[in-house]
Amino acid sequence: MEVLRTRDELRQALDRSPRPVGLVPTMGWLHAGHRSLIARARSETATVVVTIFVNPRQFDDPSDLDRYPRSEAHDVAICAAEGADLIWAPPVTEVYPPGFDTTVAVGAIASPLEGAARPGHFDGVATVVAVLFGLIRAERAYFGCKDFQQLRVIDRMARDLAIGTEVVGCPTVREPDGLAMSSRNVHLSAGERAAAPVLHRALVAGRDAWAAGERDADRLRRIVAEMLAAEPLAEPEYVSCADARTLVELEVVDRPALLSLAVRFGPTRLIDNELLDGSEG
Ligand code: AMP
């Protein structure tokens, strides 16, 4: 496995690598969620490229960027254990060389939810992923459904710009108590960590109500919100029950829907979601 820094090193390594290529973009501090993406890429493609880049353009909050956890040695060991072939861990100037002056802005799908809560976030995400797609020209790229809207934004961008990389969504990997794995979980205090599984419990309560026949979106949102309200350390930012295709809020759940939320525990912001579409997980 090679760890590469520059665009040129990456291009040269790709030139001598067999296709198809599978890409797993990450911001590092890798955990079992990332591992599942790498493992899926490993099982479907001949060359697996993992990128590790904490993308400054997608942070709407400078303190969130400053304290984002980093440990390249740990990440390299995980990539090796999962059988990745290439790691691209560039400095900021290799991704955004001097003079870089393009922003990729995806439309309606990027507006609600995380787009509304974090202005500029999806511009930053779409721009960095467009650079990665352009450089790596992977046949397939793997993203987690934990960041469902991000997955949909990137899929839209790749299709609209005819990039030729298939965007593959992968299931959310959870801790045994249901908390979705996230690099940001490391910031939770012991008390916050103990409280954080309420996110999943609340979503499952909503999902159970839907499975039992509840179709009023407001009532589903209320079931989730009430369970969150019972946890004093949880400060909900939004609870959404939206059309899974457009992410527009629903009144009646008469089609596949996404139940999603963003919750703060002190300075740490966590997101999670459940699909209401008749599939498991
Ligand atoms: P990040 O390093 O947080 O930017 O995440 C990199 C990729 O891993 C994204 O496609 C995420 O959606 C995905 N990911 C993060 N957490 C999980 C998880 N718990 N399960 C599955 N995929 C995840």
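Computed from a predicted model, the values in this text were never measured in an experiment. (Residues numbered from 1 in each chain as written. Predicted model: local features only at pLDDT ≥ 70, side-chain atom pairs only at ≥ 80, totals over all residues. Heavy atoms only, no water.)

## Concerning the site of the ligand
And then number 1: Not every one of the 17 residues close to the ligand is listed here, only the nearest: His-34, Gly-144, Asp-147, Val-173 and Met-181.
And then number 2: Between an oxygen atom of the ligand and a side-chain N or O atom of His-34, the distance comes to 2.9 Å.
And then number 3: Within the complex, the protein chains bury 93% of what would otherwise be the 490 Å² of accessible surface of the ligand.
And then number 4: Listed by contribution, the elements that provide at least two residues to the shell around the ligand are strand S2 (21–26), helix H2 (32–44) and strand S5 (140–144).
And then number 5: Sorting elements by how many residues they give to the shell around the ligand places H2 first, with three residues.
And then number 6: Here the shell around the ligand is composed, by residue class, of eight nonpolar, seven polar and two charged. (Near = heavy atom within 4 Å. Polar contact = N/O pair within 3.5 Å; in protein donor to acceptor, adjacent residues only side chain to side chain. Areas by Shrake-Rupley, 256 points an atom, 1.4 Å probe, with all protein chains shown as cover. Helix = DSSP H or I, 4+ residues; strand = E, 2+ residues; numbered from the N terminus. Nonpolar A, V, L, I, M, F, W, Y, C, P; charged D, E, K, R; others polar.)

## Regarding the pattern of salt bridges
And then number 1: Taken as a whole and assessed by the stated rule, the structure comprises 28 salt bridges.
And then number 2: Where Asp-85 meets Arg-42, a salt bridge forms, and the shortest distance between an N and an O atom there is 2.8 Å. With Asp-85 in the loop between helix H4 (72–81) and strand S4 (86–88) and Arg-42 in helix H2, this pair connects stretches of sequence that are 43 residues apart.
And then number 3: Because the salt bridges share partners, they merge into one network encompassing Arg-40, Glu-44, Arg-140 and Glu-166. (Salt bridge = Lys/Arg side-chain N within 4 Å of Asp/Glu carboxyl O.)

## Points about the domain arrangement of the chain
And then number 1: Domain annotation of the chain identifies domain 1 (2–170) and domain 2 (183–274).
And then number 2: Computed from C-alpha atoms alone, the centre-to-centre distance between domain 1 and domain 2 is 26 Å.
And then number 3: The partner domain 2 presents 20 residues to the 21 residues of domain 1 that form the contact.
And then number 4: Across the domain 1 to domain 2 interface the summed buried area is about 1700 Å²; carbon plus sulfur atoms make up 52%.
And then number 5: The three residues of domain 1 that bury the most area against domain 2 are Arg-67, Leu-113 and Phe-148, which together make up 36% of that side's buried surface.
And then number 6: Inspection of the domain 1/domain 2 interface yields two salt bridges.
And then number 7: Run the count over domain 1 and domain 2 and you get 13 residue pairs in polar contact (both at pLDDT 80 or more).
And then number 8: Counting only elements with at least two residues in the side of domain 1 that touches domain 2, the list comes to helix H6 (114–117) and helix H8 (148–160).
And then number 9: Of all the elements, H8 adds the most residues to the side of domain 1 that touches domain 2, at three residues.
And then number 10: Per-class residue counts for the side of domain 1 that touches domain 2 are ten nonpolar, four polar and seven charged. (Domains from an automatic or database assignment. Contact = heavy atoms within 4.5 Å. Buried area = accessible area lost by both parts, 1.4 Å probe.)

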